[in-house]
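Breakdown of the fold
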Amino acid sequence: MTVELRKNGLLLLPVLAAVLLEASIRFVSFRTPDPLLLLQTHGQLLLEMLPFFIAHYAAWHSHKIKALLFWLAGFVGYPLAATAFAHHSATFNDWHLLGGQGYMLAAGASGMWFLHHLLGRVTQGASSWLSTLLSLDTMVAVCLVIWTFTMAGVFLHNVDPMINQPLAMIIDFAQIVNELPLFTHYFWQFGVMAGALFCVYWFNRYILIRQLLAVHGIVPFLAGCVVFILVFSPPVCALLLLMPLNNVAEFTLIPSENHNPFDPFNYQLTFWLLVFSAPLILAFERQSQGAKLAAIAQQQTRTELQLLQQQVNPHFLFNTLNNLYALCLEQSEQAPEMVEKLAGLLRYTVYKGQLERVSLSEDIGYLQDYLALQRMRYTADCQFNCRWPEKAEDWSIPPLMLIIVLENAFKHGIEKAPKPCELTLSVTLRDNTLVVECMNPLPPASQAAIATRTSDAQGDSGLGLDNLKRRLALQFPQKHLLVSESKGDVWHTRLEMELAPC
């Protein structure tokens, strides 16, 4: 329950951030420090934006078209309905605070959440062009290009921008098209400045942090920062002073705003660039390293699962071949059927056993073929009572997992128990939970071992149940239950696990 609450809290966090941001903007616009008004503003906007929380939550817990419909209903339909109602109700129009800005903030926050998880699934463990496009280097470069375009547009809009300070922060796109040569003149100069800023970021990430801090520690890193600041700042500022914009007036575009490349403020700006970019770089480096470790762990888990799934029980195979050999010597009519059933089991193991998921109906079909072979072996010596679920084709399950319970019942129970005996197998579905119960006779030797506690009981003998426990821990963490114990002269195994739909 605690884990689920934590997940839901994280899910709703972006919309909550949008609510608080909109409430803060609204409160500041009132220009009063009244704490009661602050609480009222936040409470009212939280109430008005409640449909956004519901739509965001419902969309996340739905699939494909249904999720899109929930999201559109909340983040498009609700604002349209509220706006239309406000036009027809003067009382509501005077009361409500939520407007276009709040709608955009909420929709943007929700959209960023879904985009974040979508891109995470697309780029997880992959070294594709998309992961490169979303890298920190690309994001920094894009931000610098936007900054370059913005500053060039602002300079274009102002007459003699180096003289007439401060500037009006306006960009006229029609003017950019009409005066493209002048815009290009400004653009390349700010592009040179952006290139210098990118060099600081690049050197900080790939030399100072990766080569010095990560490999040699903090002291070489700090020494490298000092050397870089002292060596980098003067020549770069001298280079920037050669740009045409810096030869128009006493005011310049280097950090010191004068014509002295050795001004202390130039060194200070380089220092602060390193200081502010280092935490961002370290955060991305840690995230990248964590993603790589997670991909490695996932690959190791997948490999282990494949090895576990490929462990065919040789005991059953050899017993079946021996019985088949005896039937062939007797020229029994059951021999061809036994060959067919055995071939089907091996075919399923080789082909379906390599998949991550199969339908529950396919895996139950494997159990039924297995029991059909066992019936041929024991004929009248053992009675089988089986119960199978309905609509098994609607659910998926890792292959060759249920057979372990059944094999364990035969190898350690029926084969050693006095005959005649009885096996009871129940496979049922309760909502999305699969319940498997198997009861088989407990041989006298196992009963004595349990009574005297001198050796392992059935459930701990062999590798079968150990295999099953490991697979359940890997594929159904916190979503399964396995109990294997004796009840008098009967061994009872109960397995529960939550299934996913096909």
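Going by the structure above, here's the rest.
Computed from a predicted model, the values in this text were never measured in an experiment.

Reading the values: rules and limits
- Residues numbered from 1 in each chain as written.
- Predicted model: local features only at pLDDT ≥ 70, side-chain atom pairs only at ≥ 80, totals over all residues.
- Heavy atoms only, no water.
- Helix = DSSP H or I, 4+ residues; strand = E, 2+ residues; numbered from the N terminus.
- Buried < 20%, exposed > 50% of the residue type's maximum accessible area, 1.4 Å probe, protein only.
- Contact = heavy atoms within 4.5 Å.
- Core = buried A, V, L, I, M, F, W, Y, C linked by side-chain atoms within 4.5 Å.
- Pairing = 2+ DSSP bridges.
- Axes fitted to C-alpha atoms, helices over the stretch in contact; angles between N-to-C directions.
- Phe/Tyr/Trp six-rings, centres within 6.5 Å; stacked < 30°, edge-to-face > 60°.
- Parallel < 35°, antiparallel > 145°, perpendicular 65-115°, else oblique.
- Left-handed = near helix turned anticlockwise from the far one by under 90°.
- Nonpolar A, V, L, I, M, F, W, Y, C, P; charged D, E, K, R; others polar.

For the protein chain, the helix and strand inventory stands at 18 helices and eight strands. Among the 502 residues that make up the protein chain, the fraction classed as buried is 38%. Considering only contacts within the protein chain whose residues lie at least 6 apart along the sequence, 68% involve residues at least 24 apart.

Looking now at the nonpolar core. Counting 46 residues, the largest nonpolar core has Leu360, Leu402, Leu406, Phe410, Leu423, Leu434 and Met497 as the members making the most contacts within it. Tallying contributions element by element places helix H15 (residues 360–378) first for this core, with nine residues. Ignoring anything within four residues of it in the chain, the contact list for phenylalanine 410 reads Tyr370, Leu371, Gln374, Tyr378, Phe384, Glu415 and Leu423. Judged by nonpolar contacts, the second largest core, of 37 residues, contains Leu167, Tyr186, Met243 and Ile254.

Sheets are built from strands paired through backbone hydrogen bonds, the pairs being either parallel or antiparallel. Across the sheet, three strands lie side by side as E1-E3-E8; this open sheet has antiparallel pairing. Only two strands of the sheet have a single neighbouring strand rather than two, namely strand E1 (358–359) and strand E8 (500–501). When strand E3 (residues 395–397) meets E8, the two strands line up antiparallel, connected through two bridges. In the sheet register, tryptophan 395 faces E8, and the bridge partner there is proline 501.

Quick look at the sheet that holds strand E5 (residues 433–441) now. If you trace the five strands from one edge of the open sheet to the other, you get E2-E4-E5-E7-E6, paired in mixed fashion. Only two strands of the sheet have a single partner each, and these edge strands are strand E2 (382–387) and strand E6 (480–487). Averaged over all adjacent pairs, the angle separating strand axes in this sheet is 10°, with direction ignored. For E5 and strand E7 (residues 490–498), the ladder comprises nine bridges, and the chain directions are antiparallel. Paired with asparagine 440 across the bridge in E7 is tryptophan 491. With respect to the sheet, H15 is in contact with E2, strand E4 (421–430) and E5, its orientation differing from that of E2 by roughly 165°.

The next point concerns the packing of aromatic side chains. Throughout the structure, instances matching the rule amount to 22 aromatic pairs. Where tryptophan 60 meets tryptophan 113, the ring centres are 5.7 Å apart and the plane angle is 70°; that geometry is what we call edge-to-face. Here tryptophan 113 lies in helix H6 (residues 100–123) and tryptophan 60 lies in helix H3 (residues 50–60), a separation of 53 residues in the sequence. Look at tryptophan 60 and you get partly exposed, because its relative accessible area is 30%. Since its relative accessible area comes to 12%, tryptophan 113 is described here as buried. Here the aromatic residues Phe52, Trp71, Phe75, Tyr78 and Tyr103 are joined through ring pairs into a cluster of three or more.

Relative orientation of the contacting elements helix H8 (residues 136–157) and helix H10 (residues 180–216) amounts to 150°, with a least axis distance of 8 Å. As the angle between them shows, H8 and H10 are arranged roughly antiparallel. For the element pair H8 and H10, the recorded crossing hand is right-handed. Looking at the contact of H8 with H10 residue by residue, the class counts come to 21 nonpolar, three polar and two charged.

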